[in-house]
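What follows is the residue order along each chain.
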Amino acid sequence: MKDIEGKIHLVSGLPLFRSLQKKELQWVAESVQIVESKRDELLYKKGENNQSLYLILSGSVRIYIPAKGEIKEEELQVLKKGEYFGIHSLLTGEDHSHHAKTLSESRFLVLSQNNFQELIRKIPFLSTTFSKMLTKTLRNELLGSKEYFRNSVVCFIHSSPFAMNFYSTKLAEAIEEESGKKTVILRFNQQTVSDMIKSDALKQYRFKDPDKIKETLGRHYPTHSFIFLEIFPEDPPELIRTLLEESDNIVNLVGKNKPTEENPFDPLKECISEESKSNEVLYHETAIESIIDEGKLEIHIRRKAREFSGVQVGIALGGGAALGLAQVGIMKVFEEEGLALDIISGTSIGAVIGAFWASGLGYKGILPLLNEIDSIFKMLKLVDFSFPGQGLLHGKNVRSLLEKYLGELYFEDLPIKLRLVSCDITNRKEIVLSEGRVLDAVMASISIPGVFVPQPQENGKIYVDGGIVNPLPVSPLKLEGVEKIIAVNSMPSSRDTMKTNKLLNLNVLDIIVNSLYSLQYRIGKYSAQDADVYLNPILENSNWFEFWRNKEFIQLGEQVARDSLSDIKKLYQK
């Protein structure tokens, strides 16, 4: 993989650049350098004029003020993957006010001041993003905060009245419960506080002056990880603009109906551009009325709390056909240890196992399916040749088998978020499936080119196995903002000794599948660098078609998961 493609992959996973288009990501990738540092390496000292921004890809960094004379060393913060430092020096040209030292082997994307200036020229709106980052840093320093780099201002727009009396307080409580982080809710309006939302987190102010609002926000930066702002139907446009300008994220809590003459409230019409509304990182709409009607409010609040807090744990399940059954053993260990996941991404066989996992069917639910393919003779029942055709097998028998277990499942109803990867064969682009019938998405993700007939879609597209473009789907998790990721790669490397398929003399299958796996293993290893825990369960002297050996694969998966259990559990620590 070319260096620039690798940089684009790394840049696209960082929250700071997640909303950029492909060309803009390329510009960023061309502007940054990848830097690797050893443990306990001093990146820069207090007083130095290293005008660069550091974006952490892996590892951790300690920010501190060194001891001087009788003044003891003061630790300011420990930064981890996805966070940044050096913004003050980059934008102001001033010397660093602290030391930065790695706590472990680390990798960074480094943006120098010269490259930064050129980047802003190409992508002007990034200057607003960087200015907000600097403003927070300066305010915190003036107020003596040690939390120089971590807090977020979220603005909730109550376009629907259904949750205005409790949404922000419930979410604030959930954030503290899930992560231990503090939240304050600031209201700058005449809205009467209902008795049902009395909360220590809620602060009410009667003024609307922009400078006073900014000053009030600044006082809370040092003590709260999250600051919630709220917009109500009666708020004047000037107040709405001020609150939106101060926000890092905007959540529009909408009802079932769009604004009408009878219900004209549309606070964004004159206060936010269509470009900003199209920015998925900045702006998001939540159908709160439907969530409440469907009885999913508690699940929604917990998910949003974990998402905002950065404590989501996700797992990426790769391909590998029968080799991927080791993922079932990993699923078993997670269930036995009570380790809950927030989101699962899967491709190929990982899509099948991910669907069982996300649905709640889990380990016990998938065993009956495996019992139906635990011998060569049972496997032969799934063979439905396609001559002539677009693949050796129609795949109808496989679909019928999966339909017995997944037929009634829809993404919207799953207790765990699920993202399945497929490939649009007409343009060779990755497709991340997250809506509609789960079975349809699974079939699209497992359709190995040349083996299964490609899956036609209602939109006229034709989808094939997601492993073609993303054999280890870590990137869909990063795009969802997941910071704690486990990756399971069941693709054999060139060092692994695998069997040859002699069944019915169909050696062409081995040629097709093993050719794909040779490439996919290398791509998967590259994707794995973005994961916190990497599992690579490979059963020696096995092959992709040996589904009847599922007990051996599952046992291996259990062993690999148990061997890495301490690292996995660290991801769940607050």
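Only a predicted model underlies this, so the values are computations on that prediction, with no experimental measurement involved.

**Student:** Just to check I follow, could you spell out the overall build of the protein chain for this structure?
**Tutor:** Along the backbone of the protein chain there are 21 helices and 24 strands. Across the 574 residues in the protein chain, those meeting the buried criterion constitute 54%. In the protein chain, the share of contacts with a sequence separation of at least 24, taken over all contacts with a separation of at least 6, comes to 76%. A total accessible area of about 26,400 Å² is found for the protein chain, and carbon and sulfur atoms account for 50% of it.

**Student:** Help me understand the UniProt feature "active site" (unreviewed entry) in the protein chain, please; the structure alone is not making it clear to me.
**Tutor:** Within the UniProt annotation, "active site" (unreviewed entry) is assigned to Ser348 and Asp465. A compact arrangement is adopted by the annotated residues: their sequence extent is 118 residues, whereas the largest C-alpha distance between any two is 5.9 Å. With respect to the secondary-structure elements, Ser348 resides in the loop between strand S16 (343–347) and helix H13 (349–359). The exposure class assigned to Ser348 is buried, which follows from its relative accessible area of 7%. Excluding residues that lie within four positions of it along the chain, Ser348 makes contacts with Gly319, Ser445, Ile446 and Asp465. Look at Asp465 and you get buried, because its relative accessible area is 5%. Beyond its immediate chain neighbours, meaning those up to four positions away, Asp465 contacts Thr347, Ser348, Cys423, Ala444, Ser445, Ile446, Ser447, Ile448 and Pro449. Within polar-contact distance, the side chain of Asp465 engages the side chain of Ser348 at 3.1 Å.

**Student:** Honestly, the pattern of salt bridges in this entry has me stumped. Any pointers?
**Tutor:** Pairs can form between side chains of opposite charge whenever their charged atoms are close. Counting across every chain of the model gives 26 salt bridges. For Arg549, the salt bridge identified is with Glu546, shortest N-O distance 2.9 Å. Accessibility assignment for this pair places Arg549 and Glu546 in one class, buried.

**Student:** Could you clarify how one ought to interpret helix H7 (residues 210–220) in this entry?
**Tutor:** For H7, the complete set of buried residues consists of Ile213, Thr216, Leu217, Gly218 and His220. At the N-terminal boundary of H7, the capping side chain belongs to Asp209, with an oxygen 3.2 Å from the backbone nitrogen of Asp211.

**Student:** Just checking my understanding: could you explain the sheet that holds strand S12 (residues 226–231) for this structure?
**Tutor:** Adjacent strands of a sheet form backbone hydrogen bonds with each other and so pair up, either parallel or antiparallel. In space, the six strands of this open sheet follow the order S11-S10-S12-S9-S13-S14, with parallel pairing throughout. Every other strand in the sheet has two partners, leaving strand S11 (202–205) and strand S14 (283–287) as the edge strands with one partner each. For this sheet, the mean angle separating the axes of adjacent strands, direction not counted, is 25°. With five bridges joining them, strand S9 (residues 152–158) and strand S13 (residues 249–254) adopt parallel strand pairing. Along S13, the bridge assignment pairs Ile157 with Asn252. Sheet contacts for helix H6 (residues 167–179): S9, strand S10 (183–188), S12 and S13; angle to S12, the most-contacted strand, approximately 170°. Contacts from helix H8 (residues 237–245) reach S9, S10, S12 and S13 within the one sheet, and its direction differs from that of S12 by about 155°.

**Student:** I'm lost on the nonpolar core in this one. Help?
**Tutor:** Within soluble globular proteins, side chains that are nonpolar tend to cluster in buried spots. Formed by 69 residues in total, the largest nonpolar core has its most connected members in Ile315, Ile344, Trp357, Leu402, Leu418, Val442 and Ile486. With eight residues, the top contributor of residues to this core is H13. Setting aside residues up to four positions removed in sequence, Ile315 forms contacts with Ile330, Leu341, Ile343, Ile344, Ser345, Trp357, Leu477, Ile486 and Val488. Formed by 24 residues, the second largest nonpolar core is a distinct cluster that contains Leu10, Phe17, Leu109 and Ile123.

**Student:** What's the story with the sheet that holds strand S6 (residues 84–85) in this structure? I'm lost.
**Tutor:** In spatial order, the strands read S1-S8-S3-S6; together these four strands make up an open sheet with antiparallel pairing. Two strands lie at the open edges of the sheet, namely strand S1 (32–37) and S6, each paired on one side alone. Note that strand S3 (residues 52–58) and strand S8 (residues 106–112) share six bridges and pair antiparallel. Bridging from a neighbouring strand, Ile56 pairs with Phe108 of S8. Seen against the sheet, helix H2 (residues 22–31) touches S1 and S8 and runs at an angle of roughly 50° to S1.

**Student:** Even after reading the chapter, I still don't get the packing of aromatic side chains, so can you show me in this structure?
**Tutor:** Where two aromatic rings form a pair, the distance of their centres and the angle of their planes describe that pair. Within the structure shown, the criterion is met by 15 aromatic pairs. Arranged with centres 6.1 Å apart and planes meeting at 45°, the rings of Tyr44 and Phe85 form a pair that is tilted. Taken as a pair, Tyr44 in strand S2 (residues 42–44) and Phe85 in strand S6 lie far apart in primary sequence, 41 residues in all. On the basis of relative accessible area, Tyr44 is assigned to the buried category, the value being 1%. Each ring, one from Phe156 and one from Tyr167, has its centre 5.4 Å from the other, and the planes form 65°; the classification is edge-to-face. In this pair, Phe156 sits in strand S9 while Tyr167 sits in helix H6, placing the two residues 11 residues apart along the sequence. A relative accessible area of 1% places Phe156 in the buried class. Joined through ring pairs, the aromatic side chains of Phe156, Tyr167, Phe226, Phe228 and Phe308 make up one cluster.

**Student:** Explanation requested: the pairing of strand S18 (residues 417–424) in the structure shown.
**Tutor:** Side-chain direction in a regular strand flips from residue to residue, so the side chains alternate between the two faces of the sheet. Burial of S18 is extensive: eight of the eight residues sit out of reach of the surface. With five bridges joining them, S16 and S18 adopt parallel strand pairing. Looking across to S18, one finds that Ser345 is bridged to Arg419. From the end of S18 to the start of strand S19 (residues 429–433), which pair antiparallel, there are four residues, and Arg428 there has a positive phi angle of about 60°.

**Student:** How should helix H14 (residues 362–371) be read in this particular structure?
**Tutor:** It helps to recall that an α-helix has 3.6 residues per turn; residues three or four apart then point in one direction. For H14, the complete set of buried residues consists of Gly362, Tyr363, Gly365, Ile366, Leu369 and Leu370. Projected down its long axis, H14 carries its buried residues within an arc of 160°, all on one side. Each element contacted by the buried residues of H14 is listed here: helix H12 (326–336), H13, helix H16 (396–406) and helix H20 (550–563).

**Student:** Looking at this model, I keep getting lost on unusual backbone geometry. Mind explaining?
**Tutor:** Excluding glycine, residues mostly carry a negative phi; peptide bonds, for their part, are mostly trans. You will see that Asp40, though not glycine, has its phi angle at about 60°, which is positive. Examined against the element boundaries, Asp40 turns out to sit in the loop between S1 and S2. In this structure Asp40 comes out as partly exposed when scored by relative accessible area, which is 48%. One non-glycine residue with positive phi stands out, namely Ala321, at about 50°. Locating Ala321 in the fold gives a position in the loop between strand S15 (313–317) and H12.

**Student:** It is not clear to me how the packing of H2 against helix H4 (residues 113–122) should be interpreted in this structure. Could you clarify?
**Tutor:** How two helices sit against one another is set out by the angle between their axes and by the gap between those axes. Viewed as axis vectors pointing N to C, H2 and H4 meet at an angle of 170°, and their least axial separation amounts to 10 Å. By the criterion of interaxial angle, the relationship of H2 to H4 is roughly antiparallel. Two secondary-structure elements touch here, H2 through Trp27, Val28, Glu30 and Ser31 and H4 through Asn115, Leu119 and Lys122. In terms of residue class, the contact of H2 with H4 is made up of three nonpolar, two polar and two charged.

Conventions adopted
Residues numbered from 1 in each chain as written. Predicted model: local features only at pLDDT ≥ 70, side-chain atom pairs only at ≥ 80, totals over all residues. Heavy atoms only, no water. Helix = DSSP H or I, 4+ residues; strand = E, 2+ residues; numbered from the N terminus. Buried < 20%, exposed > 50% of the residue type's maximum accessible area, 1.4 Å probe, protein only. Contact = heavy atoms within 4.5 Å. Areas by Shrake-Rupley, 256 points an atom, 1.4 Å probe, with all protein chains shown as cover. UniProt positions renumbered as here; feature names shortened; annotations may be inferred. Polar contact = N/O pair within 3.5 Å; in protein donor to acceptor, adjacent residues only side chain to side chain. Salt bridge = Lys/Arg side-chain N within 4 Å of Asp/Glu carboxyl O. Pairing = 2+ DSSP bridges. Axes fitted to C-alpha atoms, helices over the stretch in contact; angles between N-to-C directions. Core = buried A, V, L, I, M, F, W, Y, C linked by side-chain atoms within 4.5 Å. Phe/Tyr/Trp six-rings, centres within 6.5 Å; stacked < 30°, edge-to-face > 60°. Arc of directions from axis to C-beta. Parallel < 35°, antiparallel > 145°, perpendicular 65-115°, else oblique. Nonpolar A, V, L, I, M, F, W, Y, C, P; charged D, E, K, R; others polar.

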